[in-house]
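Reading the structure
As a plain string of letters, each chain reads:
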Amino acid sequence: MARVETTSNRPYHLVIFGASGFTGQFVVEEVARTVSEGPKGTLKWAVAGRSKQKLENVLEQAAGVLSKPELRSEVDIIVADVGEPDTLAAMCKQAVIVLNCVGPYRFYGEPVVKACVENGAHHIDISGEPQFLEGMELNYNSQAADNGVYVIGSCGFDSIPADMGVLYTREQFKGTLTAVESFLTVNTGPDGGCIHDGTWQSAVYGFADSDKLRSLRRKFNHKPLPTVGSRLKRRGALFYSNEIQQYALPFMGSDPSVVKRTQRFLVEEHEATPTQYGAYAGVGGIGNIIKLMFAGMMFWFLVKFSFGRNLLIKHPEFFSFGIFSKAGPSRKQMEGSSFQFAFYGEGYKEGQDPSQGKPNGKINTMVQGPECGYVATPITMVQAALTILNEPTALPKKGGIYTPGAAFARTTLIDRLNKHGVKFSCI
Ligand SMILES: NC(=O)c1ccc[n+]([C@@H]2O[C@H](COP(=O)([O-])OP(=O)(O)OC[C@H]3O[C@@H](n4cnc5c(N)ncnc54)[C@H](OP(=O)(O)O)[C@@H]3O)[C@@H](O)[C@H]2O)c1
């Protein structure tokens, strides 16, 4: 198939699709802020979605928040609906990169990926849904490669900090890093915090469908990755973590799936030694554990039935003890919130043969940043997009469906994130 040209004379470098969503509005603000860092007029962008009125409102709001009245007149609007393929194709033909914020991706994601691949626009999303992410790899990888299109999933808080954090830890370790565990802690200020309903819906439908994910994975026919060094022990369903001095449980998001796919890419494409990975999240003290157990039991029970899912979707606040809400966090709550990912790795120091004896070196690194969902996610998404635009020769040679780690391993994405408030450091 003829390669589709992605960069020639398209009117927009970036098109934010789903700009009227809760997350989309903050991506719009982040793009507007980032564009003003460079010379005027060098980066052209537009907002897209199914409602012109809502998109106008988002630009109006961003213009007010950022004191940039010019946004109202300078930023173009594209009307496109996931249910109308022609409108998606028309949108994709105008964009070098589509920043797709329309979720849950399991329902709305595939037509957008398809339209991007067919019409030569690179695609970045903020999905945390392994079934969608891996399904796109299965179905579109070869067509995206033929067309020279990069489709890079999970470029939000899920899973750039974890995936790039593991790569950063590998790079900082002088030798061969064989295993790493990450411990996530989220802090809120005096006003508290929460996550918007959009992510709750993605989680409800994702858990309900977990059997399909297992059968999807079998279709790849992957051999297990080789284990180098000591096998990483799985921690319990709930344990006290000395690393973060609080109770912790396995992290339920897309990080383990994304990191594993990146490690597989490094093994297959670069003959690298894979790093085993375990992801955990801190939950605090006993009070939080009781609440979480109660919410978890209700969730596991209800998510299995359609009436239960309807209940969960209707009442996110009630069933998540306020962790998720239809209104989403306020700007004040976001300002007071932050995250920390602590990575604890082990491996063979330089000069030690990884096939002999036990690992003899340890490393501790950190990725930290502002509120995860609506401050850090727009930053990571926008910096991922700018990396594609500015460093095409550092991307993998072929287009295809990539994880952030696979796509950005040789780029300066980590430096870019460091400059924009998502900080990587070695301790
Ligand atoms: N990786 C991360 O850390 C992270 C962080 C935040 C969010 N997310 C993910 O991002 C996604 C969006 O979350 P959210 O909270 O922003 O959800 P949301 O507020 O419900 O936004 C959904 C967006 O999709 C649009 N949309 C729905 N159906 C459409 C259609 N047929 N055609 C075109 N657009 C359509 C909506 O348009 P209207 O405005 O017209 O309804 C809206 O703009 C979720 O999957 C969530 O999990 C991930």
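All values reported here derive from a predicted model rather than from experimental measurement.

This part takes up the sheet that holds strand E11 (residues 276-284). An order of E9-E10-E11-E7-E13-E14-E16 is seen for the 7 strands of this open sheet, with the pairing classed as mixed. A single partner strand is all that each edge strand has here, and the edge strands are strand E9 (239-241) and strand E16 (423-426). Averaged over neighbouring strand pairs, the angle between their axes works out to 30° when direction is ignored. Judged from the 4 bridges that link them, strand E14 (residues 361-370) and E16 form a sheet pairing that is antiparallel. Bridge assignment links Val-367 to a residue of E16, and that residue is Phe-424. The strands touched by helix H7 (residues 160-172) are strand E7 (175-187), E11, strand E13 (338-349), E14 and E16; relative to E14, the strand with the most contacts, the crossing angle is about 145°.

Our next topic: the nonpolar core. Of all hydrophobic cores here, the largest spans 107 residues; its most connected members are Val-15, Ile-16, Phe-17, Leu-99 and Val-151. Ranked by the residues each element gives to this core, the list is headed by helix H15 (residues 372-390), at 11 residues. Taken domain by domain, this core gets at least three of its residues from each of domain 1 (12-153) and domain 2 (160-373). Once you skip the residues sitting within four places of it in the chain, Leu-99 turns out to touch Leu-14, Val-15, Ile-16, Phe-17, Val-27, Ile-124, Met-381 and Ala-385. Among the nonpolar cores identified, the runner-up in size contains 9 residues, and Trp-200, Val-204, Leu-312 and Phe-324 belong to it.

Here the focus is the domain arrangement of the protein. Domains assigned within the protein are domain 1 (12-153) and domain 2 (160-373). For domain 1 and domain 2, the distance between their C-alpha centroids amounts to 26 Å. Contacts between domain 1 and domain 2 engage 14 residues on the former and 18 residues on the latter. Sorting the residues of the side of domain 1 that touches domain 2 by element identifies helix H1 (22-35) and helix H6 (130-147) as the ones contributing at least two each. With 6 residues, H6 is the largest single contributor of residues to the side of domain 1 that touches domain 2. A per-class count over the side of domain 1 that touches domain 2 returns 5 nonpolar, 6 polar and 3 charged.

In this chain, Gly-103 is followed by Pro-104 through a cis amide linkage whose omega measures 0°. Within the secondary structure, Pro-104 sits in the loop between strand E4 (95-100) and helix H5 (105-119). Residue Ser-159 is bonded to the preceding Asp-158 through a cis peptide linkage, with omega at 0°. Although it is not a glycine, Asn-221 sits at a positive phi angle of roughly 60°. With respect to the secondary-structure elements, Asn-221 resides in the loop between helix H9 (210-220) and E9. On the basis of neighbour count, Asn-221 is assigned to the exposed category, with 6 C-beta atoms found within 10 Å. At Gln-245, a residue that is not glycine, the phi angle is positive and equals roughly 55°. As for its position among the elements, Gln-245 is in the loop between E9 and strand E10 (246-250).

Attention shifts here to the environment of Val-47. Here Val-47 lies in strand E2 (residues 45-49). Classification of Val-47 as buried rests on a count of 30 C-beta atoms within 10 Å. Beyond its immediate sequence surroundings of up to four residues, Val-47 is in contact with Ile-16, Ala-19, Val-28, Leu-55, Val-58, Leu-59, Val-75 and Ile-77.

Packed helices, taken two at a time, are described by the angle their axes make and the gap between the axes. The contact between H5 and H6 brings their axes to 10 Å, and the two run at 5°. In terms of axis orientation, H5 runs roughly parallel to H6. Where H5 approaches H6, its residues Tyr-105, Arg-106, Gly-109, Val-113 and Val-117 are matched on the opposing element by Gln-131, Phe-132, Met-136, Tyr-140, Gln-143, Ala-144 and Asn-147. Residues that form the contact of H5 with H6 fall into these classes: 7 nonpolar, 4 polar and 1 charged.

What follows is about the sheet that holds strand E5 (residues 122-125). As summarised here, the arrangement of the 7 strands in space is E3-E2-E1-E4-E5-E6-E15, forming an open sheet in which the pairing is parallel. Each having just a single partner strand, strand E3 (76-79) and strand E15 (400-402) make up the two edges of the open sheet. Neighbour-to-neighbour, the strand axes of this sheet turn through a mean angle of 20°, independent of strand direction. Bridge count for E4 against E5 is 4 bridges, and the pairing is parallel.

What counts, and at which threshold
Residues numbered from 1 in each chain as written. Predicted model: local features only at pLDDT ≥ 70, side-chain atom pairs only at ≥ 80, totals over all residues. Pairing = 2+ DSSP bridges. Helix = DSSP H or I, 4+ residues; strand = E, 2+ residues; numbered from the N terminus. Axes fitted to C-alpha atoms, helices over the stretch in contact; angles between N-to-C directions. Contact = placed C-beta atoms within 7 Å. Core = buried A, V, L, I, M, F, W, Y, C linked by C-beta atoms within 7 Å. Buried ≥ 20, exposed ≤ 12 C-beta atoms within 10 Å, placed from the backbone. Domains from an automatic or database assignment. Nonpolar A, V, L, I, M, F, W, Y, C, P; charged D, E, K, R; others polar. Parallel < 35°, antiparallel > 145°, perpendicular 65-115°, else oblique.

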